[in-house]
Amino acid sequence: MDHPRDATPAAKPGFLERTFRLAEHGTSVRTEVLAGLTTFLTMAYIVFINPSILADAGMPRGAVFVATCLVAALGSLIMALYANYPIALAPGMGLNAYFTYVVVQQLGFSWQAALGAVFISGLCFLIVTLTGLRALIVDGIPRSMRIAITVGIGLFLAIIALKNAGLVAANPATLVTLGDLHKPETILAVVGFLIVAVLSARKVRAALLASILTVTALSFVFAGNTFQGVVALPPSITPTLFALDIPGALSAGLLNVILVLFLVELFDATGTLMGVANRAGLLTDGRMRRLDRALMADSVSVFAGALLGTSSTTAYLESASGVEEGGRTGLTAATVAVLFLACLFFAPLAGAVPAYATAPALFYVACLMLRELVELDWDDLTEVVPACVTALLMPLTYSIATGVSCGFITYAALKLLAGRAREVKPIVWVIAAVFLFKFVETGGAH
């Protein structure tokens, strides 16, 4: 006679649970998708800004739009499935400006040769990742510098947000000044910040997303935002697909460009990965457990972008907004990937979210990232001063790489001159020397 079973077998975990280990990270599908939507909304501007900047280099705007969407989707999906981190990737701001205004317009190289330089720098990036050298570099970063990178990214995020909100404007006498507070866009950005701050104080999880959607809705009424439809067929990518000129990139004049691209990609991406992971509480003893996988996703995206037809791809600071909404796994990044693919067909709809609608969310996240400063040992000036140099120079030079460069040089110099050189790991000496050489050769970072 058959005996009844003592217990019902446990239900087999679903595909999403097996892939992203949601329960282990204390999250849910709803939370991850909401976080992914928030991240996407804060970085969707890149699908419009990147084509605009690269068009100044002579590249076809429509093809660059498609390349931007595709590489953002590809990079974010690799990060999701291979590294399982809530970090999205897309062509980097700053890197695209260097590509257009320095390499093409100032140095006079063709955009095809510039793409070749991006491709080669991406291969170098991949090699140092595969050999473990990049992880060794990251592991050698002192704790104070890791904190500084997180804080500096927060400050960098803040100045981007304030600029997009119209609260900070250029001034020939003082460099920056207060923007025009009578503009409806600026007023809406202030309202958006108050919304996100109040809702967050009341423990509303979707505070950032609510702020973005509210300001976008108000923009149609008060700021002249126009609705231009929902669906449109994507342009052809043919003009930029595989158009890179690798032989041209290997010419003497572009070798230094390749070095600069490599260094900027290395520290922009690594700094962002560590900063966002730290904000998400995903660091163990100050390290990312799956750092090598995250670095691989980032590396592959760089040369994939060059093949498709866009400047260097990198991990995005705006991922911090999704983390703040509760994103903890790759499902957040996978959601971003799907939305970037949707952008190919829903470009008019995605374009309805103005930069000043996402600026309040970014500025709020930046404020929260500054709390890492309390972790510094303020009694040790050889640790604090380089950390402050790193954090302050990122926004003031509008470059994460420059802040990191000057920070490492200052760290090595102070330790040496203070008679504490033994505290410095060998990789720090190497990094400081490379950056010092770059400054001597170029007269500064572009």
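Per an unreviewed UniProt entry, the protein chain goes by the name Xanthine/uracil/vitamin C permease and belongs to Methylobacterium oryzae CBMB20. Turning to the protein chain, the UniProt annotation filed under Subcellular location (unreviewed entry) states: "Cell membrane". Its UniProt record gives the protein chain a comment under Sequence similarities (unreviewed entry), which states: "Belongs to the nucleobase:cation symporter-2 (NCS2) (TC 2.A.40) family. Azg-like subfamily."

Chemist: Please set out unusual backbone geometry residue by residue, giving values where relevant.
Modeler: Unlike most non-glycine residues, Arg 21 shows phi in positive territory, near 50°. With respect to the helices and strands, Arg 21 occurs in the loop between α1 (15–20) and α2 (29–43). By relative accessible area, which is 31% here, Arg 21 ends up partly exposed. Although it is not a glycine, Leu 175 adopts a positive phi angle of roughly 70°. In this fold, Leu 175 is placed in strand β3 (residues 175–178).

Chemist: How would you explain the packing of helix α10 (residues 207–222) against helix α17 (residues 355–369) if you had to name every residue and give the values?
Modeler: At their nearest, the axes of α10 and α17 sit 7 Å apart, and the two run at 155° to each other. Viewed along their axes, α10 and α17 adopt a mutual orientation that is roughly antiparallel. In this structure, α10 crosses over α17, and the sense of that crossing is right-handed. Residue-level contacts link Leu 208, Ser 211, Ile 212, Val 215, Thr 216 and Ser 219 of α10 to Tyr 356, Ala 357, Thr 358, Pro 360, Ala 361, Tyr 364 and Val 365 of α17. A per-class count over the contact of α10 with α17 returns nine nonpolar, four polar and no charged.

Chemist: Break down the environment of Thr 314 for me, citing the residues and quoting the values.
Modeler: Looking at where Thr 314 falls in the secondary structure, it is placed in strand β6 (residues 313–315). On the basis of relative accessible area, Thr 314 is assigned to the buried category, the value being 7%. Sequence separation of Thr 314 and Val 264 is 50 residues, and the distance between their C-alpha atoms is 9.9 Å. For Thr 314, the residues in contact, after removing those within four places along its chain, are Ala 88, Leu 89, Ala 90, Gly 92, Leu 95, Asp 268, Ala 269 and Asp 298.

Chemist: Hey, could you go over the pairing of β3 for me, with residue numbers and the actual values?
Modeler: Summarising the sheet, strand β2 (residues 168–171) and β3 pair through four bridges and their orientation is antiparallel. Following the sheet pairing, Ala 170 is matched in β3 by Val 176. Joining the antiparallel neighbours β2 and β3 is a turn of three residues.

Chemist: A description of the domain arrangement of the protein chain should follow, citing residues and the corresponding values.
Modeler: Bring the parts together and some accessible area is lost; that lost area is often taken as the interface size. According to the domain assignment, the protein chain consists of domain 1 (15–156 + 225–351) and domain 2 (374–445). Relative placement of domain 1 and domain 2: their C-alpha centres are 25 Å apart. Residue-level contacts link 25 residues of domain 1 with 25 residues of domain 2. Buried surface at the junction of domain 1 and domain 2, summed over both partners, amounts to about 2,200 Å²; 81% is from carbon and sulfur atoms. At the junction of domain 1 and domain 2, the tally comes to one salt bridge. Glu 375 is the salt-bridge partner of Arg 143, the closest N and O atoms lying 3.4 Å from each other. Seen at the junction of domain 1 and domain 2, the total is two residue pairs in polar contact (both at pLDDT 80 or more). Of all the elements in the fold, those that place two or more residues in the side of domain 1 that touches domain 2 are α7 (133–139), α8 (143–165) and α12 (252–279).

Chemist: Please give an account of the side chain of Ser 219 that cites residues and values.
Modeler: Locating Ser 219 in the fold gives a position in helix α10. Ser 219 sits in the buried class, given a relative accessible area of 0%. In terms of polar contacts, Ser 219 uses its side chain to reach the backbone carbonyl oxygen of Thr 216, at 2.5 Å. Contacts of Ser 219, omitting those with residues within four sequence positions, involve Leu 188, Gly 224, Asn 225, Pro 354 and Tyr 356.

Chemist: Lay out helix α9 (residues 184–201) in plain terms, naming residues and giving numbers.
Modeler: The first and last C-alpha atoms of α9 sit 26 Å apart over 18 residues, in line with the 26 Å expected at 1.5 Å per residue. Of all the residues in α9, the buried ones are Thr 186, Leu 188, Ala 189, Gly 192, Val 196 and Ser 200. Along the long axis of α9, the arc covered by the buried residues comes to 160°, so they all point the same way. Facing away from the buried surface of α9 by more than 90 degrees, the exposed residues are Leu 194 and Ala 201. Looking at the buried positions of α9, the neighbouring elements they touch are α8, α10 and α17. Just past α9, the residue Lys 203 takes up positive phi, approximately 65°.

Chemist: Before we move on, could you go through the nonpolar core and cite the residues and values that matter?
Modeler: If you look at the biggest cluster of nonpolar residues, it comprises 108 residues, and the most contacted ones within it are Phe 99, Leu 254, Phe 267, Phe 340 and Phe 408. Per element, the largest residue contribution to this core is twelve residues, and it comes from α12. Those residues in contact with Leu 254 that sit more than four places away from it in its chain are Val 103, Phe 109, Ala 113, Ala 117, Gly 248 and Ala 249. If you look at the next biggest cluster of nonpolar residues, it comprises 16 residues, including Tyr 85, Leu 89, Leu 273 and Leu 282.

Reading guide: rules and limits
Residues numbered from 1 in each chain as written. Predicted model: local features only at pLDDT ≥ 70, side-chain atom pairs only at ≥ 80, totals over all residues. Heavy atoms only, no water. UniProt positions renumbered as here; feature names shortened; annotations may be inferred. Helix = DSSP H or I, 4+ residues; strand = E, 2+ residues; numbered from the N terminus. Buried < 20%, exposed > 50% of the residue type's maximum accessible area, 1.4 Å probe, protein only. Axes fitted to C-alpha atoms, helices over the stretch in contact; angles between N-to-C directions. Parallel < 35°, antiparallel > 145°, perpendicular 65-115°, else oblique. Left-handed = near helix turned anticlockwise from the far one by under 90°. Contact = heavy atoms within 4.5 Å. Nonpolar A, V, L, I, M, F, W, Y, C, P; charged D, E, K, R; others polar. Pairing = 2+ DSSP bridges. Domains from an automatic or database assignment. Buried area = accessible area lost by both parts, 1.4 Å probe. Salt bridge = Lys/Arg side-chain N within 4 Å of Asp/Glu carboxyl O. Polar contact = N/O pair within 3.5 Å; in protein donor to acceptor, adjacent residues only side chain to side chain. Expected span 1.5 Å × (residues − 1). Arc of directions from axis to C-beta. Core = buried A, V, L, I, M, F, W, Y, C linked by side-chain atoms within 4.5 Å.

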